[in-house]
Amino acid sequence: MEHSLSYATDEQGRVAEIEASQTIQNSVPGALTTLTMSVKASKTSSSTSEKSSSGALLVLGFWLLVSIGYITFYAFHFKFSPKVIVLHLMLVAGCFAGLLFLLSTLMRIRAIEAWVFGRLVWASTWGLLIFCLSLIYILNVVSLSEWGQNITWNIVFKYGSQLPALIKHQPFYRLPIYVAILALPLFCFLGFWMTARSFQTLYIRIGAAIYDRVQFRSTYLVMLATGLFLLAQLWPQQQSIRSQMSFKKEPIYNFFKPFNSMFKENGTFDPAVIQAHQEAIAYYPEDQDYEKKSVVLITVDALRPDHMSAYGYHRKTTPYLDSLLNAGQLQLSSQFYSNCSNSYGGILSVLNCTPIHQIANANFNIQDVFNKLGYYTCFVLGGSHSDWYQMHRFYENNSKLDFYRDGFHSKNFHAKDDNIVLEFLDQIPDADEAPGFFYIHLMAAHPGGVKLPEYARYQPAGSTGYVNRDQRRWINYYDNGVLQADDYIKKIMVLLTRKGYCEDCLLLISADHGEALGEKGRYGHGQYLGFESVNIPLLIHDTNAAADSPLLAYGTQIDIGPTILHRLGILKPEVWAGRSVETVSEGVSYRYQRQRKSYGLIREDSTGIYRYLYNTASKQQELYKIDEDPKELQDLSAEPRWKALLKELHQNCITTFRLDIES
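Residues numbered from 1 in each chain as written. Predicted model: local features only at pLDDT ≥ 70, side-chain atom pairs only at ≥ 80, totals over all residues. Heavy atoms only, no water.

## Describing the overall build of the protein
To keep things clear, this is the line we draw: Numbering goes from the N terminus for both helices and strands, where a helix is a DSSP run of H or I of at least four residues and a strand is a run of E of at least two. Think of it in three bands: residues with accessible area under 20% of the maximum for their type are buried, residues over 50% are exposed, and the middle band is partly exposed, with areas taken using a 1.4 Å probe on protein chains only. Residue contacts are defined here by distance: any two heavy atoms, one from each residue, within 4.5 Å place the two residues in contact. For the area figures, the Shrake-Rupley method with a 1.4 Å probe applies, and any residue is considered shielded solely by the protein chains shown.
When helices and strands are counted, the protein shows 21 helices and 16 strands. Per-residue burial over the protein gives 51% buried out of 663 residues. Looking at the protein alone, contacts between residues at least 24 apart form 73% of all its contacts between residues at least 6 apart. About 30,900 Å² of surface is accessible on the protein, with carbon and sulfur atoms providing 60% of the total.

So, in structure tokens, the structure goes:
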């Protein structure tokens, strides 16, 4: 029996072994199959992930190509150094990489990865970045075309708060502007909304590539180390990089860190000039015997003399000034020029009485002279001078004005509405024993200035396309602005007379620059030194004196201050370069002009007055004898008999502006 039990046990063991063996044999193929399927699924998932994230990379690649195309156009169309292309692409690529790194890091947090609003956040983040970049691109084209300078954050912020009124008073069709304003952010957002999941996949892959393959698992430690490494690489070069960004006019950097380099780019800024001006201020005699009468200096933005009836224009655009001229109480200069073709250099040339390459905020200004003499000093300015390329810091650097207001101090009118001038002048105190010095800036003639319907005499006006402008509509619109400016000059004089300042005063009217009205296909200002952009008026009216002679001598903006002081018998500061236009120039004199890559020199001598132009981008030279050819119709640069003069003027430009070191 024992034998039978033993046999049975052995038999059962063999059966168990056979069953176990069969189980193993059956399970191995299953495990292999499962493993194979797992590997295939992993490969499929990886392939799907790659395809999903490649869509995001294609979108970023597209926008990078847009940036390349724009900055190439920007550099060559506006004559900037090709180096700006590299600088800009480095900045854009850095922004893209930084945002990818930040969002990939956040995606490591599981709660954010599973966030139900994640898609909306990813689309909005990238959409906002691309919208801001596109806006900077578009506005820079407009600003460089219209006034020759990069757009800045301060300008966008200030005028953006008055956007509906700003659009209303533009001479362009409004519908395309509103469509562009609405379509641009929508296009940017929807483009990234459609690819938001691709970006989410890309963040996960980048996060895994960065953090899962490093020795230290701490995300924050890796971020800190990376940041310190990049800072260590860039810090020694940060000053040079900032300088390059500023001087090469990189659009993003200059949007947030505006700096007008027109006076420093070629190293012409001389500290010795500042020291001389500061010494002149310190030692200027305050006890002088002079004619104590008020002075009203008015500049009309973009005013051209050949569109003023006082200068012989066929339309009656300046009836008030015409009445003064007909009464023998107005003098004018038929050949007067601005130092550049934008407001920044033009206004500061008037106030500084200094050559364009020596302008600085610490210079001895005309308002400083009157402050020394105890005048009531008042600036009331159309437009936003507080934020317009830091112009306000030039106005009160040496002495505090008694009254200062510009466009954005008004709560009742648009910043470019000349009603603000009347509004604020009405707030000044009545005159006492001290005379007043008033500097007033009007915007009516400027294409962006508010045009009031009561002055819309010449029709059809405005309502034209931005690219293909109707010249007739544009000129009518401009002439209506000149008519309005003339009437506001009259209103200013009436108001100041009522206040007691202009019963006996000296009125001077000029401009900061001219304005192209379709000549050679050009519109606006700030690009060139062409005749239409720099020829400006100068008119003088003494309320209690007849004009000895209706015509004044040739001059430029730096001659306005000396002319005022000469009329009142006030000592002219020795550091001022100009002269009174009521005096005759002796010997050889030079006046300098500059606008971006264009340089100008006006030489006056016993043989006549010559204007020389040189463009460093095109290497083109021009020469005009403006006392015989005031409209600059005949370029003399190709004629052999002017070769010696051309060479002398060219060398003078190179030396003065240090063009030999221009990059």
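Now that the structure has been shown, the text picks up again.
## Regarding the packing of aromatic side chains
Keep this limit in mind: To pair, rings of Phe, Tyr and Trp, with the six-membered ring standing in for Trp, must have centres within 6.5 Å; the planes then decide the type, stacked if under 30 degrees apart, edge-to-face if over 60, and tilted in the middle. As a reminder, the over-ring test applies to NZ of lysine and CZ of arginine, requiring each to be within 6 Å of the ring centre and within 35 degrees of the ring normal.
Taken as a whole and judged by the stated rule, the model has 36 aromatic pairs. Taken together, a centroid distance of 6.4 Å and an interplanar angle of 65 degrees make the contact between Phe364 and Trp576 edge-to-face. Linking Phe364 in the loop between helix H14 (343–352) and helix H15 (366–372) with Trp576 in the loop between helix H20 (560–568) and strand S13 (589–595), this pair joins segments that are 212 residues apart in sequence. Judged by its relative accessible area of 0%, Phe364 falls in the buried class. If you follow Lys292 out to its NZ or CZ, it ends over the ring of Tyr290, 4.3 Å from the centre. The side chain of Lys416 reaches across the aromatic face of Tyr159, ending 5.1 Å from its centre.

## A closer look at the environment of Val92
Within the secondary structure layout, Val92 lies in helix H2 (residues 83–106). We classify Val92 as buried; its relative accessible area is 2%. For the pair Val92 and Leu64, spaced 28 residues apart in sequence, the C-alpha separation works out to 7.7 Å. Beyond its immediate sequence surroundings of up to four residues, Val92 is in contact with Leu64, Ser67, Leu133, Tyr137 and Ile252.

## Re the confidence of the model for the protein
Low pLDDT marks stretches whose predicted atomic positions should not be read closely. Applicable threshold: Every residue is assigned a pLDDT by the predictor, reflecting its confidence on a scale from 0 to 100.
Residues at a pLDDT of 70 or more form 84% of the protein, whose mean pLDDT is 84. Across residues 23–49, where pLDDT falls below 50, the model places two contacts with residues more than four positions away in sequence or in other chains. Counting interchain partners and residues more than four positions distant, the pLDDT-below-50 stretch residues 261–267 has 31 contacts.

## Points about the sheet that holds S13
Quick reminder of the rule: For two strands to be treated as a pair, DSSP must find at least two bridges joining them. Only the stretch in contact is used when a helix axis is fitted, and all axes are lines through C-alpha atoms; the angle between N-to-C directions ranges over 0 to 180 degrees.
Pairing is antiparallel across the open sheet formed by four strands, whose spatial order is S13-S14-S15-S16. Looking at strand neighbours, the two that pair on one side only are S13 and strand S16 (621–625), the edges of this open sheet. Recorded for the sheet is a direction-independent mean angle of 15 degrees between the axes of neighbouring strands. Pairing analysis gives seven bridges linking S13 to strand S14 (residues 598–605), with the strands arranged antiparallel. Bridging across to S14, Tyr592 finds its partner in Leu601.

## Focus on the pairing of S14
Burial analysis of S14 places eight of its eight residues in the buried class, which makes it a mostly covered element. Residue alternation in S14 divides its side chains into two sets, Ser598, Gly600, Ile602 and Glu604 and Tyr599, Leu601, Arg603 and Asp605, and both sets are buried. Connecting S13 to the next strand, S14, in antiparallel fashion are two residues, including Arg596 with a positive phi near 55 degrees. Where S14 meets strand S15 (residues 608–615), eight bridges bridge the pair, whose relative direction is antiparallel.

## Describing the environment of Lys499
Inspection of the secondary structure puts Lys499 in the loop between helix H18 (471–498) and strand S7 (505–510). In this structure Lys499 touches Leu425, Asp426, Gln427, Ile428, Pro429, Asp430 and Ala431, once residues within four positions along its chain are discounted.

## Description of the layout of surface pockets
Applicable threshold: Think of a 1 Å grid over the protein atoms and nothing else: a 1.4 Å probe that fits but is trapped marks a cavity, an open set flanked by protein within 12 Å on at least five of seven lines marks a pocket, and residues with an atom within 4 Å of a point count as lining. Grid points are joined across faces, edges and corners, and a volume is the space filled by probe spheres set on the points. Note on residue categories: nonpolar means Ala, Val, Leu, Ile, Met, Phe, Trp, Tyr, Cys or Pro, charged means Asp, Glu, Lys or Arg, and polar means any other residue, Gly included.
Of the voids in this model, the second largest pocket is the one considered here, and its volume is about 1,000 Å³. Looking at the lining of the second largest pocket residue by residue, the classes come out as 15 nonpolar, 14 polar and 14 charged.

## Looking at the environment of Gly526
With respect to the helices, strands and loops of the structure, Gly526 is situated in the loop between strand S9 (523–524) and helix H19 (531–534). We classify Gly526 as buried; its relative accessible area is 0%. Along the chain, Gly526 and Gly514 lie 12 residues apart, while their C-alpha atoms are 9.3 Å from each other. Ignoring anything within four residues of it in the chain, the contact list for Gly526 reads Glu146, Trp147, Gly148, Ser341, Asn342, Gln595 and Arg596.

## Brief notes about the pattern of salt bridges
Which entries qualify depends on this criterion: By definition, a salt bridge exists where a carboxyl oxygen of Asp or Glu is found within 4 Å of a side-chain nitrogen of Lys or Arg.
As enumerated under the stated definition, the model contains 26 salt bridges in all. Across the pair Lys625 and Asp627 runs a salt bridge whose closest N-O atoms are separated by 3.0 Å. By relative accessible area, which is 10% here, Lys625 ends up buried. Judged by relative accessible area, which is 34%, Asp627 ranks as partly exposed. Members of the salt-bridge network, linked through shared partners, are Glu291, Lys293, Asp504, Asp542, Arg567 and Glu582.

## With respect to a nonpolar patch on the surface
Definition in use: Residues enter a patch when their relative accessible area is above 30% and they make no salt bridge; the linking distance is 9 Å between like charges and 5 Å between nonpolar side chains (Val, Leu, Ile, Met, Phe, Trp, Tyr).
On the surface, a nonpolar cluster with roughly 610 Å² of combined accessible area is contributed by Phe117, Leu120, Leu186, Leu190, Trp193 and Met194. No other element matches helix H7 (residues 174–193), which puts three residues into the nonpolar patch. With respect to the helices and strands, Met194 occurs in the loop between H7 and helix H8 (196–211).

## Concerning the nonpolar core
Heads up, the condition is: Put simply, a nonpolar core is a bunch of buried Ala, Val, Leu, Ile, Met, Phe, Trp, Tyr and Cys residues held in one set by side-chain atoms that sit within 4.5 Å of each other.
Within the largest apolar cluster, 120 residues are counted, with the highest numbers of intra-cluster contacts made by Phe370, Tyr395, Leu425 and Phe438. Considering every element that reaches this core, the biggest residue donor is H18, with 11 residues. Residues in contact with Phe438, not counting those within four places in the same chain, are Val295, Val296, Leu297, Tyr376, Cys378, Leu425, Ile428, Leu496 and Tyr501. Counting 32 residues, the second-largest nonpolar core is a separate cluster that includes Tyr70, Trp122, Trp126 and Tyr203.

## A look at the side chain of Asn535
As a reminder, the rule being used: Under this definition, polar contacts are N or O atom pairs within 3.5 Å; protein pairs additionally need one hydrogen-donor-capable and one acceptor-capable atom, and for neighbouring residues in sequence, both atoms have to be side-chain atoms.
Turning to its location among the elements, Asn535 is positioned in the loop between H19 and strand S10 (539–542). What makes Asn535 buried here is its relative accessible area of 8%. Engagement of the side chain of Asn535 in a polar contact is seen with the backbone oxygen of Phe336, the distance being 3.1 Å. Every residue in contact with Asn535, bar those within four places of it in the chain, is listed here: Leu303, Arg304, Pro305, Phe336, Tyr337 and Gly514.

## With respect to unusual backbone geometry
In this chain, Gln459 is followed by Pro460 through a cis amide linkage whose omega measures -5 degrees. With respect to the helices, strands and loops of the structure, Pro460 is situated in the loop between strand S6 (436–442) and H18. Positioned with a positive phi, Lys79 is a non-glycine residue whose angle comes to about 60 degrees. Structurally, Lys79 can be placed in the loop between helix H1 (2–77) and H2. For Arg596, which is not a glycine, the phi torsion comes out positive at approximately 55 degrees. By secondary structure assignment, the location of Arg596 is in the loop between S13 and S14.

## Focus: H20
An α-helix turns once every 3.6 residues. As a result, residues three or four positions apart point the same way. A large share of H20 lies buried, amounting to seven of its nine residues. Looking at H20, one finds that the buried residues are Ile560, Gly561, Pro562, Thr563, Ile564, Leu565 and Leu568.

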